[in-house]
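# A structural walkthrough
If you want the building blocks of each chain, they are given just below.
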Amino acid sequence: MFKFIVKRLLLSAVILFFVMFLVYALIYSLPTSYTEKMARQLATQPGTLKSAEQWLSELNAQYGLDKGLVGGFFVWLGNAVQGNFGDSWNWTVPVTEQFNKTIWYSFILGAVAFVIQTAIAIPLGIVAAKKQYSLTDYTVTVVSLIGISMPTFFVATIYKLIFAVKLNLVEINGMIGRDFHNLTPFGQFLDMASHFFMPALTLVTVGIGGLMRYTRTNTLEVLNADYIRTARAKGLSEKRVIGYHAFRNTLIPIVTILGGSLPGLFSGALITETLFAIRGIGYASYHSMVNGDIPFTMFYLSFMAILTLLGTLIADVLYAVVDPRVRVN
């Protein structure tokens, strides 16, 4: 297993290198020169002694844009390996500082939604498979298909209409209320939790359908296997058959889905955070991309690529944990 992990890490490093080269090439080839735009902004700031041409020359040298595609990429890569991603043009602070300010809001939102989604989808998927073609199965199927079909912005709008406009239970967007700083620590916690309620509910609604259907399909496949019929023929209780024999084998393909969910815990929900003005990493990355913040965009895409590769590796390792028959030679 140790050798397998080492090999996968080395392979992931190679994949990450080429992924980041492609990302850099795409940004390098953008038809709009955001460096020129940034240089003009810097030249018009009060107290500056440099012209737009001087600022443009410095920015191109800093990010290797004056050395061509390949040379510029290695300049950026050399700085990135040292942890130097430059200053964010949109947020006017170092990229890593802005990252640290926003990542934990996204993690809390993603983790809460992930736990609730998993706790609801997997049991309901198993129940639907056990009671195939029953009213429960049809209900679960309809609910999951509705969740899969509805886009995020539509779900978010419906929840805003219900909870913020009609019921007036929560504020329509933002992370804190107007009286946040006058509340006790526990009151501040409740205030922030109320603002995260609709974003978390939106993520659960959109994500629960796919996992529910996937669980149902794989559970049905396992329940029709020969060893399940053998277990029942031996007189084992249905609870033992489902809970021990079927469930562990159902988890094997589900592990792939859950491992691939790792990037979602840290990468932020770009659309949801933007709609509800949750200032997480998804919100920051959206506004950075819209405003041509190349340093932050490059960092965010690198971070996403690393998380995706790490999630795939974790899923592969968990196969052996879930199913003892799976071993790496």
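This structure is a prediction, so every number in the text was calculated from the model and none was measured.

This part covers the pattern of salt bridges. Summed over the entire model, instances satisfying the criterion amount to 3 salt bridges. Residue Arg216 is joined to Asp137 by a salt bridge in which the shortest nitrogen-to-oxygen separation is 2.6 Å. You can see Arg216 sitting in helix H8 (residues 185-223) and its partner Asp137 sitting in helix H6 (residues 135-149), a full 79 residues away along the chain.

What follows deals with the packing of helix H7 (residues 152-166) against H8. At a closest axis distance of 9 Å, the pairing of H7 and H8 adopts a crossing angle of 135°. Relative to H8, the element H7 lies oblique. Between H7 and H8 the crossing geometry is right-handed. In this structure, H7 uses Thr152, Val155, Ala156, Tyr159, Lys160, Phe163 and Ala164 to contact H8, whose residues at the interface are Phe197, Met198, Leu201, Thr202, Thr205 and Val206. The residue makeup of the contact of H7 with H8, split by class, is 9 nonpolar, 3 polar and 1 charged.

Met20, Leu59, Trp76 and Met298 are the most contacted members of the largest nonpolar core, which totals 28 residues. For this core, the secondary structure elements donating two or more residues are helix H1 (2-28), helix H2 (34-43), helix H3 (52-62), helix H4 (68-81), helix H5 (95-130), helix H13 (281-290) and helix H14 (294-322). Top element by residues in this core is H14. It accounts for 8 residues. Apart from residues no more than four positions distant in its own chain, Leu59 is found in contact with Thr35, Met38, Ala39, Leu42 and Trp89. Ile126, Ala129, Val140 and Ile228 belong to the second largest nonpolar core, which has 21 residues in total.

Mapped onto the elements, Thr215 comes out in helix H8. In this structure Thr215 comes out as buried when scored by relative accessible area, which is 0%. What Thr215 contacts, discounting residues up to four positions off in sequence, is Ala121, Ile122, Gly125, Ile126, Thr250 and Ile254.

Once that is clear, we can look at the side chain of Lys160. Summarising the element assignment, Lys160 is placed in helix H7. Of the side chains bearing the opposite charge, Glu171 lies closest to the buried Lys160, which forms no salt bridge; the N-O distance is 12 Å. Leaving out residues up to four positions away in the same chain, Lys160 has contacts with Val165, Ile172, Met198, Leu275 and Phe276.

It is worth spelling out the environment of Ala129 at this point. Its place among the elements puts Ala129 in helix H5. A sequence separation of 165 residues divides Ala129 from Ile294, and the C-alpha atoms of the two residues are 48 Å apart. The contacts of Ala129, once residues within four sequence positions are left out, are Arg216, Thr219, Leu220 and Leu223.

What counts and what doesn't
- Residues numbered from 1 in each chain as written.
- Predicted model: local features only at pLDDT ≥ 70, side-chain atom pairs only at ≥ 80, totals over all residues.
- Heavy atoms only, no water.
- Salt bridge = Lys/Arg side-chain N within 4 Å of Asp/Glu carboxyl O.
- Helix = DSSP H or I, 4+ residues; strand = E, 2+ residues; numbered from the N terminus.
- Axes fitted to C-alpha atoms, helices over the stretch in contact; angles between N-to-C directions.
- Parallel < 35°, antiparallel > 145°, perpendicular 65-115°, else oblique.
- Left-handed = near helix turned anticlockwise from the far one by under 90°.
- Contact = heavy atoms within 4.5 Å.
- Nonpolar A, V, L, I, M, F, W, Y, C, P; charged D, E, K, R; others polar.
- Core = buried A, V, L, I, M, F, W, Y, C linked by side-chain atoms within 4.5 Å.
- Buried < 20%, exposed > 50% of the residue type's maximum accessible area, 1.4 Å probe, protein only.
- Lys, Arg positive; Asp, Glu negative; His and termini not counted.

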